[in-house]
Amino acid sequence: MKILHLDTNHKLLIDQLNDLGFTNHEDYTSSKEIIEAKIEAYQGIILRSRFSIDKQFLDAATNLKFIGRVGAGLENIDCDYAKKKRVTLIAAPEGNRNAVGEHALGMLLSLFNKLNKADLEVRQGKWLREDNRGIELDGKTVGIIGYGNMGKAFSKKLRGFDVEVLCYDIKPHVGDTNARQVSLNEFQEKVDIVSLHTPQTPLTLNMIDASFINQFKKPFWFINTARGKSVVTKDLVSALKSKKVLGAGLDVLEYEKTSFENLFKKDTTTDTVEMPEAFQYLINSQNVILSPHVAGWTIESKEKLAQTIVDKIKVEFC
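Quick caveat: nothing in here was measured; it's all calculated off a predicted structure.

Engineer: Explanation requested: the overall build of the chain in the structure shown.
Structural biologist: Check the secondary structure of the chain and you find 12 helices and 14 strands. The C-alpha atoms of the chain give 21 Å as radius of gyration, which agrees with the globular expectation for 318 residues (20 Å, within 12%). By its C-alpha atoms, the chain is 65 × 55 × 35 Å across when sized along the principal axes. Taken over 318 residues, the chain has a buried fraction of 48%. When contacts within the chain are restricted to residue pairs at least 6 apart in sequence, those whose partners lie at least 24 apart make up 61%. Accessible area for the chain stands at about 16,300 Å²; split by element, carbon and sulfur atoms hold 50% of it.

Following this line, the structure appears as structure tokens:
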């Protein structure tokens, strides 16, 4: 079986697949059109998010048996059509869930203790202790939307704190000893913190909008380590301005390209980047922490993601 690797990953991925008897080819630079022209020669594809795998691509991949996505989400793949073509879809949410849980907790504690603001001020020679008085996580109610691999990993990190953890999910009976599953009404009535851990689907696109935010009884803190397009940024900014949202930790943004590798396109005529007004507000806000889609992007997760893909391919095809 021949496998085409479209993104660089941990070296163990190719090494172990070679040991299992697979033939591995790498192409990290060719255009999608060039890849599409030769894809019929391959039975497997392994990628992160370099480009979308759509109907046209799948029709060209006449011998394809599986697609390995070194990550959690499958939104860049036409999953329904792939299944019709009897292509096995392999993802690796187990590989970076711990990293995501730690990042979400880190963002939350940084917001509560104003670490980004305090760090910048000290670097400027300012020693403003009272202005940087923080708040404690203990005694708060943490709400997790989406209680799968990532949501469960975050709730596990909260076990050392004296907090109540609630989860909301469209699937029934997903709660566990770390989080009590509740209705959306109860969730919006009780939580002080909202952490988003949902995949990108038609149901979650633009889910966090003005209407959704305004249904919460109390002002709340917001963490998003899931998908940027689940949040209407201008509505989030309006809520930050009104203090309905007290602060936000955003590892993902709705402006990201589908590859997740870039943010904004540069205007080639002026060599400038146009930033939306809402984004300009975020980057100037002291109660907002931003990171470039790296919540699941650790040294350890790189290895675990690759190992998870190898293990699943081995189960399915060896």
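Engineer: Just to check I follow, could you spell out a positive patch on the surface for this structure?
Structural biologist: A contiguous patch of positive charge on the surface is contributed by R97, K156, R159 and K304. If you trace the backbone, R159 turns up in the loop between α7 (149-157) and β7 (164-168). What makes R159 exposed here is its relative accessible area of 54%.

Engineer: How should I be thinking about the packing of helix α5 (residues 93-112) against helix α12 (residues 299-317) in this particular structure?
Structural biologist: How two helices sit against one another is set out by the angle between their axes and by the gap between those axes. Put simply, α5 and α12 touch, their axes get as near as 7 Å, and they point 160° apart. Classified by the angle between their axes, α5 and α12 sit roughly antiparallel to one another. Where α5 abuts α12, its residues P93, E94, G95, N96, N98 and A99 lie against S301, K304, L305, T308 and K312. Looking at the contact of α5 with α12 residue by residue, the classes come out as 3 nonpolar, 5 polar and 3 charged.

Engineer: Would you mind going over the nonpolar core with me for this structure?
Structural biologist: It is characteristic of soluble globular proteins that their nonpolar side chains tend to be buried jointly. In terms of nonpolar packing, the biggest core is built from 29 residues, with F187, V194, L196, I208, F222 and V245 touching the most fellow members. Within the residue set of this core, elements represented by two or more residues are β9 (193-196), α9 (210-214), β10 (220-224), α10 (233-242), β11 (245-250) and α11 (277-283). Take this core: its biggest share by element is 4 residues, from α10. Ignoring any residue separated from it by four or fewer positions in sequence, one finds F187 in contact with G143, I144, I145, L166, C167, Y168, V182, V194 and F216. Membership of the second largest hydrophobic core comes to 21 residues, among which are M107, L108, I144 and F154.

Engineer: I'm lost on the pairing of β11 in this one. Help?
Structural biologist: Remember that side chains alternate between the two faces of the sheet whenever the strand is regular. In terms of residue burial, β11 counts as a mostly covered element, since 5 of its 6 residues are buried. Two elements, β10 and β11, share 5 bridges in a ladder whose sense is parallel. Note that in β11 the partner of F220 across the bridge is V245. Since β10 and β11 lie parallel, the crossover through α10 that links them has a hand, and here it is right-handed. Looking at chain direction, β11 and strand β14 (residues 288-290) are connected through 3 bridges and run parallel. In the sheet register, G249 faces β14, and the bridge partner there is I289.

Engineer: For this particular structure, what's the right way to read the sheet that holds β14?
Structural biologist: What the 7 strands build is an open sheet, ordered β8-β7-β6-β9-β10-β11-β14; its pairing is parallel. A single partner strand is all that each edge strand has here, and the edge strands are β8 (180-181) and β14. Where β9 lies against β10, 4 bridges are found, and the strand directions are parallel. Each residue of the ladder has a partner; that of L196, found in β10, is N224. Strand contacts of α10: β10, β11 and β14, with the helix running at about 140° to β11, the strand carrying the most contacts.

Engineer: Quick question: what am I supposed to make of the packing of aromatic side chains here?
Structural biologist: The geometry of an aromatic ring pair comes down to the distance between the two centres and the angle between the two planes. All chains considered together, the criterion is met by 7 aromatic pairs. Between F66 and F317, the aromatic rings sit 5.1 Å apart at their centres with planes inclined by 35°, giving tilted as the arrangement. Remark: F317 occurs in helix α12 and F66 occurs in strand β4 (residues 66-69); sequence separation between them is 251 residues. Looking at F66, the relative accessible area reads 0%, which means it is buried. Taking the relative accessible area as the measure of exposure, F317 reaches 25% and is therefore partly exposed.

Engineer: So what exactly am I meant to see when it comes to the sheet that holds strand β1 (residues 2-5) here?
Structural biologist: Note on sheets: strands pair through backbone hydrogen bonds, and any given pair is parallel or antiparallel. As summarised here, the arrangement of the 5 strands in space is β2-β1-β3-β4-β5, forming an open sheet in which the pairing is parallel. At either end of the open sheet lies a strand with only one pairing partner, and these are β2 (23-26) and β5 (88-90). Pairwise comparison of adjacent strand axes, ignoring direction, gives a mean angle of 20° for this sheet. In this sheet, strand β3 (residues 44-47) lies alongside β1 in parallel orientation, the contact comprising 3 bridges. The partner of L4 across the bridge, within β3, is I45.

Quick notes on the rules
Residues numbered from 1 in each chain as written. Predicted model: local features only at pLDDT ≥ 70, side-chain atom pairs only at ≥ 80, totals over all residues. Heavy atoms only, no water. Helix = DSSP H or I, 4+ residues; strand = E, 2+ residues; numbered from the N terminus. Rg over C-alpha atoms; globule rule 2.2 N^0.38 Å. Buried < 20%, exposed > 50% of the residue type's maximum accessible area, 1.4 Å probe, protein only. Contact = heavy atoms within 4.5 Å. Areas by Shrake-Rupley, 256 points an atom, 1.4 Å probe, with all protein chains shown as cover. Patch = residues over 30% accessible without salt bridge, like charges linked within 9 Å, V, L, I, M, F, W, Y side chains within 5 Å. Salt bridge = Lys/Arg side-chain N within 4 Å of Asp/Glu carboxyl O. Lys, Arg positive; Asp, Glu negative; His and termini not counted. Charge placed at Lys NZ, Arg CZ, Asp CG, Glu CD. Axes fitted to C-alpha atoms, helices over the stretch in contact; angles between N-to-C directions. Parallel < 35°, antiparallel > 145°, perpendicular 65-115°, else oblique. Nonpolar A, V, L, I, M, F, W, Y, C, P; charged D, E, K, R; others polar. Core = buried A, V, L, I, M, F, W, Y, C linked by side-chain atoms within 4.5 Å. Pairing = 2+ DSSP bridges. Right-handed = clockwise from strand over helix to strand, strands pointing away. Phe/Tyr/Trp six-rings, centres within 6.5 Å; stacked < 30°, edge-to-face > 60°.

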